[in-house]
Amino acid sequence: MDYVDLNYTPSENDLLSCIRVKAKNLMKVANEIAAESSIGTWTKVQTMKSDVYEKLRPKVYEIEEIGEEGESKVGIIKIAYPLDAFEIENMPGTLAGIAGNIFGMKIVDGLRILDYRFPEKFVKAYRGPRYGIDGIRKLLKVEERPLLGTIVKPKVGLKTDEFAEVAYNAWIGGCDIVKDDENLVSQSFNKFEDRIFKVLELRDKAEEETGEKKIYMPNITAPYREMIKRAELAEDAGSEYVMLDVVVLGFSAVQQFREEDFKFVIHAHRAMHAAITRSKDWGITMLTLAKIYRLLGVDQLHIGTVVGKMEGERAEVCAIRDEIVLDKVEKDDKNKFFDQDWFGMNNVFPVASGGVYPKLVPEIIEILGKDVIIQAGGGIHGHPEGTVKGAIAMRAAIDAVMEGKSLEEKAEEVKELKVALEHWK
Ligand SMILES: O=C(O)[C@H](O)COP(=O)(O)O
Ligand SMILES: [Mg+2]
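Residues numbered from 1 in each chain as written. Chains lettered and ligands numbered in written order. Predicted model: local features only at pLDDT ≥ 70, side-chain atom pairs only at ≥ 80, totals over all residues. Heavy atoms only, no water.

The name an unreviewed UniProt entry gives the chain is Ribulose bisphosphate carboxylase, with Methanotorris igneus as the organism. Taken verbatim from the UniProt record of the chain, the Sequence similarities (unreviewed entry) comment is "Belongs to the RuBisCO large chain family. Type III subfamily." Listed under Subunit (unreviewed entry) in UniProt, the entry text for the chain is "Homodimer or homodecamer. In contrast to form I RuBisCO, the form III RuBisCO is composed solely of large subunits." (UniProt positions renumbered as here; feature names shortened; annotations may be inferred.)

This is the structure:
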């Protein structure tokens, strides 16, 4: 077993990978995963030099059998990769190794990357978020309470003027943020170049009327060059934010976008992540993706709601929250398999979105804390009395928690909340 060394103690400088694997023989599969994800292949090659092997070979330093399924064993394996094996500032290139061919190997009956530990040199090769939670709170002038956002609904279909009016209504009702949905781009009835100017015009009006800072997050997801054109339009129109669908755009586009000269706060929507993260047998955990997106430099990331419409259990969602918010993260061996030091890198504002409505607000804040952006689409525009009142109700639900009141108490003061609580029981 050329790549298994159970006596090896990982160094501070190694990149560590923790993988749940299913296979007939755990030792053999661990060896092959380590080889295929780095310098090896299915057979010994004459072209391998001993110094290359010594310098660049990863070491499987832990193999723990945790169960059996049919004829397969299930295990957790840990691999330490020397950094010299990578071009560390190249995220797609790095992932092509450590999360590449290994998923397709016939020998594996299941393979799920649970976590990576990125060493200091690797972390410092990335920009990380430009603003982080503090920067965003400063921009919005909201010190303590959770931020409130909405997604204009229907997801796609409103004409530009109708869309802008819904955005305006949400702002004057009390939303801090209005965003495009993940699949709204530049459809014929709502072209990006029209929408960005119209919506920001109404944002200014809403700011004047409410005296609050208001944010629009335009979705610029598109093939890269087109995306840059849309970012330039957003800049010209006076937007502080853009939204990227980070999974479908790919790691290269996200990394490159952060390295452009723009000063945007980057909101990351994770549409399609579940194709990678949801199976317990295959793929890459959301925790691992979230760490990668922190390195790549998004400022806000959807992490789940626990209580809303998207899957994601409490412990897992809280682990993701810790990983993107804290500077020093401790492992728990259930969701976070490694300690992670972020070496002062800015943090990411967690976003709870998907199936949220006023009644769920206290629970979301209890689970995730106050540093959270709570977004509701249906839970605002589905209010029986419309968007303005839907936004008033959601904002009142947040205020209730901040004032230490129950929703029912608050509903006696804010009738829009009462209507919402009766509508969504
Ligand atoms: O992009 C999102 O997060 C969703 O559009 C949320 O919409 P919902 O609040 O209606 O579920
Ligand atoms: Mg959506």
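Trainee: Which parts of the structure should I look at to understand the overall build of the chain?
Mentor: Along its length, the chain carries 18 helices and 15 strands. In terms of overall size, the chain behaves like a compact globule, its C-alpha atoms giving a radius of gyration of 23 Å where 425 residues would be expected to give roughly 22 Å. Overall, the C-alpha framework of the chain stretches about 75 × 45 × 35 Å when taken along its three principal axes. When burial is assessed residue by residue, the chain has 57% of its 425 residues classed as buried. (Helix = DSSP H or I, 4+ residues; strand = E, 2+ residues; numbered from the N terminus. Rg over C-alpha atoms; globule rule 2.2 N^0.38 Å. Buried < 20%, exposed > 50% of the residue type's maximum accessible area, 1.4 Å probe, protein only.)

Trainee: Help me out: how do you make sense of the site of ligand 1 in this one?
Mentor: The environment of ligand 1 is formed by 14 residues, the closest being Lys 153, Ser 353, Gly 355, Gly 377 and Gly 378. Residue Lys 309 places a side-chain N or O atom 2.8 Å away from an oxygen atom belonging to ligand 1. Here an oxygen atom of ligand 1 sits 2.7 Å away from a polar atom, N or O, in the main chain of Gly 377. In isolation ligand 1 offers 320 Å² of accessible surface; the protein chains occlude 91% of this area. (Near = heavy atom within 4 Å. Polar contact = N/O pair within 3.5 Å; in protein donor to acceptor, adjacent residues only side chain to side chain. Areas by Shrake-Rupley, 256 points an atom, 1.4 Å probe, with all protein chains shown as cover.)

Trainee: Honestly, the UniProt feature "modified residue: N6-carboxylysine" (unreviewed entry) in the chain in this entry has me stumped. Any pointers?
Mentor: UniProt feature "modified residue: N6-carboxylysine" (unreviewed entry): in the numbering of this structure it lies at Lys 179. On the secondary structure map, Lys 179 appears in strand S6 (residues 177–179). Judged by relative accessible area, which is 0%, Lys 179 ranks as buried. Apart from the residues lying within four places of it in its own chain, the contact partners of Lys 179 are Thr 150, Ile 151, Val 152, Met 217, Met 243, His 267, His 269, His 302 and Gln 375. (Contact = heavy atoms within 4.5 Å.)

Trainee: Which parts of the structure should I look at to understand the coordination of the magnesium ion (ligand 2)?
Mentor: Around the magnesium ion (ligand 2), the protein contributes the donor atoms Asp 181 (OD) and Glu 182 (OE), at 2.0 to 2.1 Å from the metal centre. By relative accessible area, which is 3% here, Asp 181 ends up buried. (Donors = N, O, S within 2.8 Å, 3.2 Å for Na, K, Ca; no water.)

Trainee: Even after reading the chapter, I still don't get the environment of Gln 255, so can you show me in this structure?
Mentor: As for its placement among the helices and strands, Gln 255 is situated in helix H10 (residues 251–259). Residue classification places Gln 255 among the buried positions, given a relative accessible area of 8%. Spatially, the C-alpha atoms of Gln 255 and Asn 7 are 36 Å apart, while their sequence positions differ by 248 residues. Those residues in contact with Gln 255 that sit more than four places away from it in its chain are Glu 89, Asn 90, Met 91, Pro 92, Tyr 126 and Leu 296.

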